[in-house]
Structure formats: structure tokens, C-alpha cells
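Spelled out from the first residue to the last, the chains are:
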Amino acid sequence: MDYITVDNLSFSYDDEPVLQDINFTVQPGEFVILTGENGAAKSTLLKSVLGLLKPQEGSAAISKTNTRGEKLMVGYAPQQISSFNIGFPSKVLEFVESGRYQNNRWFKRLDSEDHDHVKKALESVGMWDLRNKKIGELSGGQKQRIALARIFATDPDLFVLDEPTTGMDKESRERFYRLLRHNSRVHNKAILMVTHEHEDIKEYMDRQITLRRKEDSPWRCFSMDSCSGHSKHQH
Ligand SMILES: Nc1ncnc2c1ncn2[C@@H]1O[C@H](COP(=O)(O)OP(=O)(O)OP(=O)(O)O)[C@@H](O)[C@H]1O
């Protein structure tokens, strides 16, 4: 079963072709990174996968159900997620807890398991100690971390993350990658993450998809290994 299926996708902005003939799949349990230089249309590809942009040719689809036959939940972190403004709830802990409520599967009073989950999510981004802070008092980088913690708290089946570690130091990044790897290997989640830091991530990820182009043509998947849709990943 594939959580993401991209099939011969081509996309243009106002007749300006940016992506051509993209093919790949992402399966549950896989941690896949998407790389390419600035302007390689990585964000455009993520938005096409999510259905926020409609490709002119081909298709991108997300499975409607997870491996247990339930509605598949997606956790999306767009670029510059830290620029969000929040009215209520205003405290870090409440904000992350609200992610736990948002998921319909958890539409009940939060129990100790939920509180554990929220605590782990905040610890994973190094923000547990600041749980009682008001969001308005946080720096941009701290807002980014709690936004990611909230996504973890919703417990999605599929993570779609656009440069989530921007501004994090190496130690924080590695802690974040470890958490993603744990989510994919142990909990069978799928991860598609745009990143520039492909050196220190190599030991954590399963597969890398790179967008490159030849001369003036639009961006394409580079490397048939990662773009052919056949994963080497074993469950
Ligand atoms: N809404 C838009 N309208 C027109 N062109 C756009 C739009 N959004 C992006 N582009 C152009 O499409 C190309 C791909 O942009 P995109 O943001 O997807 O690339 P990216 O690989 O995510 O870049 P970066 O690494 O800098 O974040 C760029 O040339 C960009 O200028």
C-alpha cells in the first residue's frame, strides 16, 4: 500500500513549467527526504501532493485510509510555520494539547496517555521546560518547535514537512530526526520531508528524492533509484 502516489506529474505556474514527469511513491514505515537547490520546486511538489495545487498533467494522491483501515491523518508543516499568529489558546502546553483534540480519533477528554504523548512531543523539540510560557513571548524558532510538537501530538499517519529544522542547531536536528525515524520504524508512519541538510540526516532516512534539471528544462526527479516508485524498504 502507498500513502503517497505521484504519477507522471507536471506542474506550471502561469505557463512557466517548473516540474516535469515526476514519479514516486511513499509507503508506510518510510522516511523519505526531498532535496534540490533553491527554486527546485520542492515546496510546489509538496503542495501538489497535498492537493493544494493542481498539476496540469499527471496526478498526486494521498491514500484515504491508513494501514488499519481508518481515515488517514496528515500532519503538514509548511515552510515558515513559525510566522503563525495564535489568539487562543495562548500557552504553549494548551496549544500542543489542542493538536491532540483536533484529531477526531481523540475527541474525548485528554487522559494520561494523551498527556504523555503531549509531554513527549514537547520534549522532542526541547520545549517541555517552556510549557507554561505564553506563545506571544516565544522567538520565531521556538514557535516553529511548538508547531512541530503540535503536529506530533495529532499523531498523524503521514508527515509532510517543508524544511522543518530551519534554525535548529545540530543537536536539536538530530533529536528531531531520531523522533521521525522512531515514528516511521516503530509506528509505521510515513514521512516526506524537504530538507537542505542531507549530510547529517543520512543515517536516519530511508530514501532521498532529488529534483534536478538539465539546462533550461523544468525540474525532474533525479536518480531512478528514488524516483521509480520501487522502495527497497522492508517492513
Ligand atoms: N505562486 C507562485 N507563482 C508563480 N511562481 C511561483 C509561485 N510559487 C513559486 N513559484 C516559482 O516556482 C519555482 C519553485 O518554487 P518553490 O518554492 O516550489 O521551490 P523550492 O524548491 O521549494 O525553493 P526553496 O528551496 O527556495 O524553498 C520558483 O522559481 C518560484 O519562484
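Residues numbered from 1 in each chain as written. Predicted model: local features only at pLDDT ≥ 70, side-chain atom pairs only at ≥ 80, totals over all residues.

Points about the site of the ligand
Quick reminder of the rule: Here is the check we use: build the C-beta atom from the backbone, and if it is within 6 Å of the molecule or strand, call the residue near. Secondary structure counts use DSSP, requiring at least four H or I residues in a row for a helix and at least two E residues in a row for a strand, with both numbered from the N terminus. Here the term charged refers only to Asp, Glu, Lys and Arg, the term nonpolar to Ala, Val, Leu, Ile, Met, Phe, Trp, Tyr, Cys and Pro, and the term polar to all other amino acids, Gly among them.
For the ligand, the full set of nearby residues is Tyr13, Val18, Gly36, Asn38, Gly39, Ala40, Ala41, Lys42, Ser43 and Thr44. Top contributing element to the shell around the ligand by residue count: helix H1 (residues 42–50), with three residues. A class-by-class count of the residues in the shell around the ligand yields four nonpolar, five polar and one charged.

What about helix H3 (residues 112–124)?
Stated formally: Multiplying one less than the number of residues by 1.5 Å gives the expected span of a helix. Three classes are used. A residue is buried when 20 or more other C-beta atoms lie within 10 Å of its own, exposed when 12 or fewer do, and partly exposed in between, with C-beta atoms placed from the backbone. The arc in question is traced by the directions running from the helix axis to the C-beta atoms.
A rise of 1.5 Å per residue sets the reference length of H3, with its 13 residues, at 18 Å; its end C-alpha atoms lie 18 Å apart and thus fit the reference within 8%. Listing the buried residues of H3 in full gives His117, Val118, Ala121, Leu122 and Ser124. The buried residues of H3 occupy an angular sector of 165° when the element is viewed end-on, so they sit on one face. Facing away from the buried side of H3 by more than 90 degrees, the exposed set consists of Ser112 and Asp116. Trailing H3 by a residue or two, glycine 126 shows a phi angle of about 70°, which is positive.

Brief notes about helix H4 (residues 140–153)
In this model H4 runs 20 Å from its N-terminal to its C-terminal C-alpha over 14 residues, within 8% of the 20 Å that 1.5 Å per residue would give. Where burial is concerned, most of H4 is hidden: eleven out of the 14 residues are buried. Of the positions making up H4, those classed as buried are Lys143, Gln144, Arg145, Ile146, Ala147, Leu148, Ala149, Arg150, Ile151, Phe152 and Ala153. Once H4 finishes, aspartate 155 follows within two positions and takes phi at roughly 55°, a positive value.

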